[in-house]
Amino acid sequence: DVKVTQSSRYLVKRTGEKVFLECVQDMDHENMFWYRQDPGLGLRLIYFSYDVKMKEKGDIPEGYSVSREKKERFSLILESASTNQTSMYLCAVEGNTEAFFGQGTRLTVV
Amino acid sequence: DQQVKQNSPSLSVQEGRISILNCDYTNSMFDYFLWYKKYPAEGPTFLISISSIKDKNEDGRFTVFLNKSAKHLSLHIVPSQPGDSAVYFCAAATQGAQKLVFGQGTRLTINP
């Protein structure tokens, strides 16, 4: 299985701060994804990337950006954190018919 | 447009009984379906999958049924155990597509 590592399990940031969430995979998969999970809303796709320096908007990209400078690393950036971005953030590496998730980052914006 | 729907946000089942989680989809191009299980403060983990060429796939206590004509799949867990308490997500994919489409999740609680 692919190992997907997210840099932080828990983060607390202040409103207006720039926040970086890092995700690293240990295989050579092209496809990497960032989701957020909120109660009752399931997994919502923020951004994804098919290759280095490529990015595609998901369903809820507003307030976020991403960076993929190396194949194994996919970063999610909150340009100016807001309280409505308090959530569980999940990075995933997806093949054609499966997905491997990181352990998640619980972000609280105060 | 929610292509994959889990209409029950929560389900409570007695230990030892059968748990049935349901999932409906609208896109007839989906041909591969997966179930993921998620504990609090952890990432989802793969549970079981089924291809559209089959209507049933079984793995131990877990069985997934696919009804293509109804665009419906279900996950059966029997017997249910306390460790099964988690949020379950169904997901769908089209062969050759690059991403999965997830449902909203169902929180399963197994009562002792």
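The text that follows walks through the structure, step by step, so that each part is easy to find. None of these values were measured; they are calculated from a predicted model. (Residues numbered from 1 in each chain as written. Chains lettered and ligands numbered in written order. Predicted model: local features only at pLDDT ≥ 70, side-chain atom pairs only at ≥ 80, totals over all residues. Heavy atoms only, no water.)

Considerations on the sheet that holds strand β3 (residues 19–25) of chain A
Backbone hydrogen bonds hold the strands of a sheet together, and the pairing may be parallel or antiparallel.
Residues and elements named next belong to chain A.
Part 1: Strand order in the open sheet formed by four strands is β1-β3-β8-β7, and the pairing between neighbours is antiparallel. Pairing within the sheet leaves two strands with one partner each, and these edge strands are β1 (4–6) and β7 (64–70). On average, each strand axis in the sheet is inclined to that of its neighbour by 20°, with strand direction left out of account.
Part 2: For β1 and β3, the ladder comprises three bridges, and the chain directions are antiparallel. In the strand pairing of β3, T5 is matched with V24. (Pairing = 2+ DSSP bridges. Helix = DSSP H or I, 4+ residues; strand = E, 2+ residues; numbered from the N terminus. Axes fitted to C-alpha atoms, helices over the stretch in contact; angles between N-to-C directions.)

Quick word on a nonpolar patch on the surface
Part 1: Taken together, the side chains of I18, I20 and V78 of chain B present a nonpolar region at the surface, about 220 Å² in accessible area.
Part 2: With respect to the helices and strands, the residue I20 of chain B is situated in strand β3 (residues 19–25). (Patch = residues over 30% accessible without salt bridge, like charges linked within 9 Å, V, L, I, M, F, W, Y side chains within 5 Å. Areas by Shrake-Rupley, 256 points an atom, 1.4 Å probe, with all protein chains shown as cover. Salt bridge = Lys/Arg side-chain N within 4 Å of Asp/Glu carboxyl O.)

As for the environment of G43 of chain B
Part 1: Among the structural elements, G43 of chain B can be located in the loop between β4 (32–38) and β5 (45–51).
Part 2: When the C-alpha positions of G43 of chain B and V87 of chain B are compared, they lie 11 Å apart, and in sequence the two are 44 residues distant.
Part 3: If we ignore the near neighbours within four places in the chain, the residues touching G43 of chain B are L90, F101, G102, Q103 and G104 of chain A together with K37 and K38 of chain B. (Contact = heavy atoms within 4.5 Å.)

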